[in-house]
Amino acid sequence: MNFFKQAPISAILILLNLIVYGYEALYASSFIEIPTQALVEIGAIYAPFMLLDAQWWRLLSAVFMHGSMTHLLMNMFSLYLLGRDVERLFLPRHYLLLYGASALIGGLLSIWTHPLGVSIGASGAIFGIFGALLGFFAIYHKQMPHAKEMIRSLATLLGINLLLGLLVPSIDLSAHIGGLLTGLIGGALLAKNPRYVWGYLLILLCVAGGLLFEITF
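How each quantity is defined
- Residues numbered from 1 in each chain as written.
- Predicted model: local features only at pLDDT ≥ 70, side-chain atom pairs only at ≥ 80, totals over all residues.
- Heavy atoms only, no water.
- Helix = DSSP H or I, 4+ residues; strand = E, 2+ residues; numbered from the N terminus.
- Rg over C-alpha atoms; globule rule 2.2 N^0.38 Å.
- Buried < 20%, exposed > 50% of the residue type's maximum accessible area, 1.4 Å probe, protein only.
- Contact = heavy atoms within 4.5 Å.
- Areas by Shrake-Rupley, 256 points an atom, 1.4 Å probe, with all protein chains shown as cover.
- Lys, Arg positive; Asp, Glu negative; His and termini not counted.
- Charge placed at Lys NZ, Arg CZ, Asp CG, Glu CD.
- Phe/Tyr/Trp six-rings, centres within 6.5 Å; stacked < 30°, edge-to-face > 60°.
- Core = buried A, V, L, I, M, F, W, Y, C linked by side-chain atoms within 4.5 Å.
- Salt bridge = Lys/Arg side-chain N within 4 Å of Asp/Glu carboxyl O.
- 1 Å grid on protein atoms, 1.4 Å probe; cavity = no way out; pocket = protein on both sides within 12 Å on 5 of 7 lines; lining within 4 Å.
- Points joined across faces, edges and corners; volume = space filled by probe spheres on them.
- Nonpolar A, V, L, I, M, F, W, Y, C, P; charged D, E, K, R; others polar.
- Expected span 1.5 Å × (residues − 1).

Trainee: Please explain the overall build of the protein as it appears in this structure.
Mentor: From N to C terminus, the protein includes 11 helices and two strands. When the elements of the protein are put in sequence order from the N terminus, they spell out α-α-α-β-α-α-α-α-β-α-α-α-α. Here the protein has a C-alpha radius of gyration of 17 Å; the compact-globule value for 217 residues is 17 Å, and the two agree. Summarising its shape, the C-alpha atoms of the protein cover approximately 50 × 45 × 30 Å along the three principal directions. For the protein, with 217 residues in total, the buried portion stands at 48%. Sequence separation of at least 24 residues holds for 71% of the intrachain contacts in the protein that already meet a minimum separation of 6. Entry remark: accessible area of the protein is about 11,400 Å², with carbon and sulfur atoms responsible for 70%. Positive and negative side-chain charges in the protein, numbering 10 and 9 respectively, have mean positions lying 21 Å apart.

Trainee: Which parts of the structure should I look at to understand the packing of aromatic side chains?
Mentor: Each aromatic ring pair is summarised here by two numbers: the centre-to-centre distance and the angle between the ring planes. For the coordinates displayed, the defined rule picks out 10 aromatic pairs. Centre to centre, the rings of F3 and Y80 are 4.7 Å apart; their planes meet at 40°, and the pair counts as tilted. Note that F3 is positioned in helix α1 (residues 2–6) and Y80 in helix α6 (residues 69–89), a separation of 77 residues in sequence. Judged by its relative accessible area of 34%, Y80 is partly exposed. Between F136 and F137, the ring centres sit 5.8 Å apart and the planes meet at 90°, which makes this aromatic pair edge-to-face. Among the aromatic residues, ring-to-ring pairing joins F90, F136, F137 and Y140 into one connected group.

Trainee: Honestly, the environment of G159 in this entry has me stumped. Any pointers?
Mentor: Tracing the backbone shows G159 in helix α9 (residues 147–167). Sequence separation between G159 and P194 is 35 residues, and the spatial gap between their C-alpha atoms is 28 Å.

Trainee: Can you walk me through the nonpolar core in this structure?
Mentor: Soluble globular proteins tend to pack their nonpolar side chains together in the buried interior. Judged by nonpolar contacts, the single largest core of 63 residues is most densely connected at F90, Y95, Y99, I129 and L133. Excluding residues within four positions of it along the chain, F90 makes contact with Y95, L98, A132, L133, F136, G187 and L190.

Trainee: Help me understand unusual backbone geometry, please; the structure alone is not making it clear to me.
Mentor: Glycine aside, negative phi is the norm for most residues, and most peptide bonds take the trans geometry. The phi torsion at S29 lies on the positive side, around 55°, for a residue other than glycine. Positive phi outside glycine occurs at A54, with the angle close to 55°. Inspection of the secondary structure assignment puts A54 in the loop between α4 (47–52) and α5 (58–61). When its relative accessible area of 51% is taken as the criterion, A54 is described as exposed.

Trainee: Got a minute to help me understand the pattern of salt bridges in this structure?
Mentor: Side chains that differ in charge, positive against negative, can pair when their charged atoms come close. Taken as a whole and judged by the stated rule, the model has one salt bridge. Its salt-bridge partner being D85, residue R88 comes within 3.0 Å of it at the nearest N-O pair. Of this pair, R88 and D85 both sit in helix α6, three residues apart, which is roughly one turn of that helix. By relative accessible area, which is 55% here, R88 ends up exposed.

Trainee: Just to check I follow, could you spell out the layout of surface pockets for this structure?
Mentor: Gaps left between atoms show up when a probe the size of a water molecule is rolled over them. Space inside the second largest pocket adds up to approximately 150 Å³. Forming the walls of the second largest pocket are L13, L59, L60, V63, F64, L96, Y99, G100, A103 and L104. Secondary structure elements with two or more residues in the lining of the second largest pocket: α5 and α7 (92–113). Looking at which element gives the most residues to the lining of the second largest pocket, the answer is α7, with five residues. Grouping the amino acids of the lining of the second largest pocket by side-chain chemistry returns nine nonpolar, one polar and no charged.

Trainee: What's the story with helix α11 (residues 197–216) in this structure? I'm lost.
Mentor: Structurally, the α-helix is built with 3.6 residues per turn, so residues lying three or four positions apart point the same way. Look at α11: 28 Å from first C-alpha to last across 20 residues, which is about the 28 Å you get at 1.5 Å a residue. Buried positions along α11 lie against α4, α7 and α10 (173–192).

Trainee: What is the right way to look at the environment of H176 in this model?
Mentor: Mapped onto the fold, H176 is located in helix α10. What makes H176 buried here is its relative accessible area of 7%. A C-alpha to C-alpha distance of 18 Å links H176 and S68, two positions 108 residues apart in sequence.

Given below as structure tokens:
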């Protein structure tokens, strides 16, 4: 219950991911691992359907989907670890913006780099939260006594996750990197001045528009 009080947005996000995975498991009649075909049918990012049938809603649905129990638990554990800090340091609306923007840019970058691939998971959004915290502590490293220690810890966790992305072929590294950079820039801007949110939105609009142009044309 403490986690729900200290990090209500993260708790709700974790709950939504668990509910969606439960639906996936029932749909596919498989609890440990979900077949790729079932993931596509439910709402995974799959460029041919998105381009030919305008199913852009998949950019949202895919963020809450996972391909296996291991995939789900790894992402939700990361969100559990980061949730308290990010909700303590950022306004709720800014947290949701960082999470959603990182997921969006990560998803679009995934389509651009793997146009025939199937992509799912909250990893892009979670890497964005990693990036946002790094950006925040980088801005306030002189004012906060433990900022450098936090940066080292976050960088170590990020390094491990990126290494896993290189070693495991099924992990979409492009979505991770896209989410990380989106969160890093946003976290630094919002930490510097919350009013910079408008500049951040303009950057997001330009990047998302550029990726959409590359994907569709």
